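Residue-level structural notes
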Amino acid sequence: MEEEIRNIRKQLRLAMNGIIANSMREKGMNYKLIFGVPLPEIKQIAALHTPDADLARALWQEDVREMKILATLLFPPEAMTHDEARRWVAEIPYPEIAEQLANNLLPLLGKADALAVSLLADAESPFSRTVGFLLWAQLYKRKKEVNPASQEVFLSESFCTLQPEDGREIPWSEKRAAVQALRFFGRLSSVHANEVLEIVHPESPTAEQQEFYEELKFEFEEWDKDSSESRS
């Protein structure tokens with residue numbers, strides 16, 4: 001495995017982009033090492049290696065942006081438990097890794113909707129709720145079957161994030177993730193779309209809530225138009 005990790009380092013070094021790496025550091029990504037490799041090229045490197053849980057775990061522990069992303073691509077989904085998934089979520093350093101973990105690995109786990117519910121219930125890990133909503137977005141985007149009770153939790157937690165009643169400051173990444181999940185949920189049917197618009201638009205919306213409402217309303221109108229044209 002050490003030899004394979006050395007090969008991965010070599011492949012990343014060959015694909016290194018100093019301009020991208022410097023830009024990421026300027027944006028506050030303080031990894032020990034950033035190669036600045038674009039995501040499509042990271043996926044190409046992943047395709048050269050056989051998925052392996054131990055290799056992925058070793059890559060995840062490295063304080064290197066590209067290795068953490070590769071870990072999410074090389075971990076066999078059937079080998080990851082929900083407990084280990086939650087540990088990885090607790091170790092996420094930056095929003096990009098939250099998104100990659102939610103996109104590449106978590107939707108492929110068994111009972112992923114149950115995992116999403118447990119992530120929304122975790123208020124301790126900084127990125128847990130963000131990943132939970134991003135995971136819901138992937139489940140609806142991929143039209144995965146979800147438990148109705150889990151779906152009710154998702155809708156309730158979306159409401160709490162976008163219409164907080166206790167004056168809590170909700171992280172921007174969490175709000176955007178909730179809106180993204182609601183977007184794909186609303187695309188499932190016009191009934192779901194109307195339900196989403198009720199969640200994001202209270203009687204006296206803030207400027208931010210109004211913006212979310214207009215964004216989703218436009219999204220659903222365009223989706224409905226495209227759906228009608230495809231049926232005709």
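In what follows, the accompanying structure is described. Quick caveat: nothing in here was measured; it's all calculated off a predicted structure.

Definitions and limits used
Residues numbered from 1 in each chain as written. Predicted model: local features only at pLDDT ≥ 70, side-chain atom pairs only at ≥ 80, totals over all residues. Heavy atoms only, no water. Helix = DSSP H or I, 4+ residues; strand = E, 2+ residues; numbered from the N terminus. Buried < 20%, exposed > 50% of the residue type's maximum accessible area, 1.4 Å probe, protein only. Polar contact = N/O pair within 3.5 Å; in protein donor to acceptor, adjacent residues only side chain to side chain. Contact = heavy atoms within 4.5 Å. Salt bridge = Lys/Arg side-chain N within 4 Å of Asp/Glu carboxyl O.

1. Remarks on the side chain of His 49
Mapped onto the elements, His 49 comes out in the loop between helix 3 (39-46) and helix 4 (53-61). Exposure remark for His 49: the relative accessible area of 10% places this residue in the buried category. Side chain to side chain, His 49 and Glu 4 meet in a polar contact 2.9 Å long. A polar contact of 2.8 Å, which involves the side chain of His 49, links it to the side chain of Gln 11. Those residues within four positions of His 49 in sequence are excluded, and the remaining contacts are Glu 4, Ile 8, Gln 11 and Leu 74.

2. What to know about the pattern of salt bridges
Tallying each qualifying case throughout the model produces 15 salt bridges. Of the charged contacts in the structure, one is a salt bridge between Arg 57 and Asp 54, with a shortest N-O distance of 3.0 Å. Placement of the pair is Arg 57 and Asp 54 together in helix 4, with a separation of three residues, close to one helical turn. A salt bridge links Glu 157 to Arg 129; the shortest N-O distance between them is 2.9 Å. Residue Glu 157 is found in helix 10 (residues 148-162), and its partner Arg 129 is found in helix 9 (residues 128-141); the two are separated by 28 residues along the sequence. Its relative accessible area of 11% is what places Arg 129 among the buried residues.

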